[in-house]
Amino acid sequence: MNDNNSHYNPVRVRFAPSPTGYLHLGGARTALYNWLWARKNQGVFLLRIEDTDLERSTQDSVQEILDGLTWLGLDWDEGPYFQSASLDKHVEAAETLLQKRYAYRCFCTKEELEAQRKEAGAKKVAFMYDGRCRELPASRVDENLAKGLPYVIRFAVPRDSQSTVVFEDAVYGRLEKKGQDIEDFVIVRSDGRPLYILSNAVDDANDRITHVIRGADGLANTPKQVLIYEGLGIVPPVFAHMPLTLDNKKAKLSKRTHGEVVTVAYYRRHGFLPWSLCNFLALLGWSSSDGREFFSREELIEAFDLSRINRANSIFNYVPGDAKNWTDPKAIHFNATYIRTMPLEQLIPCVKAELQNAGIWDDAYETEKREWFRQTVDLIRARFFTLTDFSTRGKCYFSDEFDFDEQAKKKNLSKEPRLREFLPELAHRLDSLPTFSGAAAEDALREYAEEEGVKAGLLINAARTAVSGTSVGPGLFEMLDTMGRQRVVARLMKAKDLIPEE
RNA sequence: GUCCCCAUCGUCUAGCCCGGCCUAGGACACCGGCCUUUCACGCCGGCGACAGGGGUUCGAAUCCCCUUGGGGACGCCA
């Protein structure tokens, strides 16, 4: 399958979110790509919660991430592990680096550094820590230690002019960075707590991660992490950085600026099928070699490959305030197409959940009305985009408590006052039919229209609005057929009152 | 400011590595038409892009350089 990677056996990948907010689309996409890679290689997908930011991490956020992944169907094989549980390992790694002189104690204070940074900013030159504590004689270090002076631990980045850090990225290719362009970065705070750059690398090593698939915002950090791996004597994993997804103003996606529409939970609430979201997300930055866009899980796992991840950022085409395109239109297209074409057996449970949620579910839909329910769902799904459409636009099929659209009333019920007589009479005729069916109803309606000398369309459109409250929907006679005589007759009678008198 | 990455229709993208098959293909959106009792679906058609400039070459979307534009990283955040 992937001979190039066969020595990474088994493949182990991870999704490592920090629980400081909601699971958003970018995170979901990262999780998806990792999951796909694990499944494709019969590898392991593990979940690691990077909760070392004590101030911002919350239990609610952890739950939201777990719920979101579960809903998406991105099942993990190990974890969730919590980064905070392995703090001692991170500290231990820092000690090792210190001993091997790959790291050193820095006694510069925050205030001193801040002042330097400010000065550099004022002079418009780049600030980089000058490494002044690197050459501190051992005697001075001991002295400072004895005095109990606080210190951070910094990585001693190779400074000679030729030294470079090189790594291979599965998406971006061979990347190289000069040691001179890398600051002696802090790996342990003055209070002894390790920093992300260290913890993350150490955890990946301990979890035996073979492929780090993450957002391109991690790209600039990678050389530092490679340095840590090298210092620790560990072979670095394969990196695969995925381009970021931006909004249509080219800004990074965030809940803070974009609101709920970038959270996974939002799509769940708005009637998305989890897989259609995955399918859409997969195509935001990746494409198959054969141009296919719709994939089953198995097909996507088969087709997915890190090397076909695009290097350019993609845009989540969300325009605030557009009622029809309330999210990226292509995402809606995916969802609608799935709803309209997926096997009915798979759709039915989703519709059930939706109707239950809306309080219009009837257990008989699984017993004596089972066939009716199937046919009805099949009839109306062709015009729906989301699962919620079944309980909103589709409400008239499952409940008598549906709303009337004002535009539809105006268009189909208000232009012809004689409908006040036509509709009840039509109801009467349908009620008298020996057997009620769409075809029989059609014959009766057309005959009646002829008798009255009006166009069949007048009665058809009026009847549509009378029984469904809207001006759109399936063919009228299919509608009548599925709604059944009783409902149709009752609704036609009732609609009389909606028609203005002359 | 410094370092790094990126650049094809409005959006997602194919093509780029291995120049010629590209008068640049597909999808979404949009606009027309057909179908039709409505609205969709479906089908047919349309609009619409190689950021700019230099090279290299018989030939460049594809290779090189510059410019411009966009993004990311530069924390004792993750």
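Whatever comes next refers back to the structure up there.
Conventions and cut-offs
- Residues numbered from 1 in each chain as written.
- Chains lettered and ligands numbered in written order.
- Predicted model: local features only at pLDDT ≥ 70, side-chain atom pairs only at ≥ 80, totals over all residues.
- Heavy atoms only, no water.
- Salt bridge = Lys/Arg side-chain N within 4 Å of Asp/Glu carboxyl O.
- Helix = DSSP H or I, 4+ residues; strand = E, 2+ residues; numbered from the N terminus.
- Buried < 20%, exposed > 50% of the residue type's maximum accessible area, 1.4 Å probe, protein only.
- Contact = heavy atoms within 4.5 Å.
- Pairing = 2+ DSSP bridges.
- Axes fitted to C-alpha atoms, helices over the stretch in contact; angles between N-to-C directions.
- Parallel < 35°, antiparallel > 145°, perpendicular 65-115°, else oblique.
- Left-handed = near helix turned anticlockwise from the far one by under 90°.
- Nonpolar A, V, L, I, M, F, W, Y, C, P; charged D, E, K, R; others polar.
- Disulfide = S-S within 2.5 Å.
- Near = heavy atom within 4 Å.
- Polar contact = N/O pair within 3.5 Å; in protein donor to acceptor, adjacent residues only side chain to side chain.
- Core = buried A, V, L, I, M, F, W, Y, C linked by side-chain atoms within 4.5 Å.

1. Describing the pattern of salt bridges
Then comes step 1: Counted under the stated rule, the structure contains 34 salt bridges.
Then comes step 2: Among the salt bridges present, the one from Arg132 reaches Asp130, with a minimum N-O distance of 2.9 Å.
Then comes step 3: The residue Arg159 makes a salt bridge to Asp184 at a minimum N-O spacing of 2.9 Å. Pair noted here: Arg159 is in the loop between β5 (152-155) and β6 (164-169) and Asp184 is in the loop between β7 (173-178) and β8 (186-188), with a separation of 25 residues, a long-range link.
Then comes step 4: In the salt-bridge network here, residues are joined through shared partners; they are Arg14, Arg48, Glu50, Asp203, Asp204 and Asp207.

2. Remarks on the environment of Phe167
Then comes step 1: Checked against the element boundaries, Phe167 lands in strand β6.
Then comes step 2: Phe167 sits in the buried class, given a relative accessible area of 8%.
Then comes step 3: Between the alpha carbons of Phe167 and Thr222 there is a distance of 8.4 Å; along the sequence they are 55 residues apart.
Then comes step 4: Dropping the residues within four chain positions of it, Phe167 is found in contact with Gly173, Arg174, Leu175, Leu219, Thr222, Pro223, Val226 and Phe239.

3. Some points on the sheet that holds β5
Then comes step 1: Taken in spatial order, the three strands make up an open sheet running β4-β5-β8, and their pairing is antiparallel. Looking at which strands have only one partner, the edges of the open sheet turn out to be β4 (103-106) and β8. Taking each pair of neighbouring strands and ignoring which way they run, the sheet shows an average axis angle of 45°.
Then comes step 2: Sheet strands in contact with helix α3 (residues 87-99) are β4, β5 and β8, and its direction is about 100° off that of β4.

4. Considerations on unusual backbone geometry
Then comes step 1: A cis amide bond, omega 5°, links Gly79 with the succeeding residue Pro80.
Then comes step 2: Take Pro80: it is sitting in strand β3 (residues 78-82).
Then comes step 3: One non-glycine residue, Arg208, lies in the positive phi region at around 55°.
Then comes step 4: Examined against the element boundaries, Arg208 turns out to sit in the loop between α6 (196-206) and β9 (211-215).

5. Regarding the packing of helix α18 (residues 419-432) against helix α22 (residues 485-495)
Then comes step 1: Orientation of α18 relative to α22, taken along the N-to-C sense of each, is 165°, at an axis distance of 8 Å. By the criterion of interaxial angle, the relationship of α18 to α22 is roughly antiparallel. Viewed along their axes, α18 and α22 form a crossing whose handedness is left-handed. Contacts between α18 and α22 pair Leu423, Pro424, Leu426, Ala427, Leu430, Asp431 and Ser432 from the former with Arg485, Val488, Val489, Leu492, Met493 and Ala495 from the latter.
Then comes step 2: Looking at the contact of α18 with α22, its residues break down into ten nonpolar, one polar and two charged.

6. Overview of the state of the cysteines
Then comes step 1: According to the stated counting rule, one finds zero disulfides in the structure shown.
Then comes step 2: No disulfide involves Cys106; its nearest neighbouring cysteine sulfur is the one of Cys133, lying 3.8 Å away.
Then comes step 3: Looking at Cys106, the relative accessible area reads 1%, which means it is buried.
Then comes step 4: Free cysteine: Cys133, not disulfide-bonded; nearest cysteine sulfur from Cys108 at 3.6 Å.
Then comes step 5: Here Cys133 falls in the buried class, since its relative accessible area comes to 7%.

7. Concerning the pairing of β7
Then comes step 1: With six bridges connecting them, β6 and β7 associate as antiparallel partners. Looking at the pairing, Val165 lines up with Lys177 of β7.

8. Brief notes about the protein's contact with RNA strand B
Then comes step 1: By nearness alone, 62 residues border RNA strand B, and Arg189, Gly285, Glu293, Arg383 and Ile460 come closest of all.
Then comes step 2: Restricting the count to atoms of RNA strand B within 4 Å of the protein gives a sugar and phosphate share of 71%.
Then comes step 3: In this structure, a phosphate oxygen belonging to RNA strand B sits 2.8 Å away from a side-chain N or O atom of Lys324.
Then comes step 4: A distance of 2.7 Å separates a base nitrogen of RNA strand B from a polar atom in the backbone of Gly473.
Then comes step 5: For the surface near RNA strand B, the secondary-structure elements that each account for two or more residues are α4 (110-122), β12 (314-315), α12 (329-341), α20 (456-468) and α21 (476-483).
Then comes step 6: Element by element, the count of residues in the surface near RNA strand B is highest for α12, at four residues.

9. A look at the nonpolar core
Then comes step 1: Formed by 111 residues in total, the largest nonpolar core has its most connected members in Tyr267, Phe390, Leu430 and Leu492.
Then comes step 2: Sorting elements by how many residues they give to this core places helix α1 (residues 25-40) first, with nine residues.
Then comes step 3: The next biggest cluster of nonpolar side chains, apart from the first, holds 28 residues, and it includes Leu46, Val188, Ala201 and Leu232.

10. Remarks on the side chain of Ser61
Then comes step 1: Summarising the element assignment, Ser61 is placed in helix α2 (residues 59-72).
Then comes step 2: For Ser61, a relative accessible area of 5% gives the class buried.
Then comes step 3: Within the structure, the side chain of Ser61 is placed 2.4 Å from the backbone oxygen of Gly21, a separation counted as a polar contact.
Then comes step 4: If we skip the residues at most four places from it in the chain, Ser61 touches Pro19, Thr20 and Gly21.

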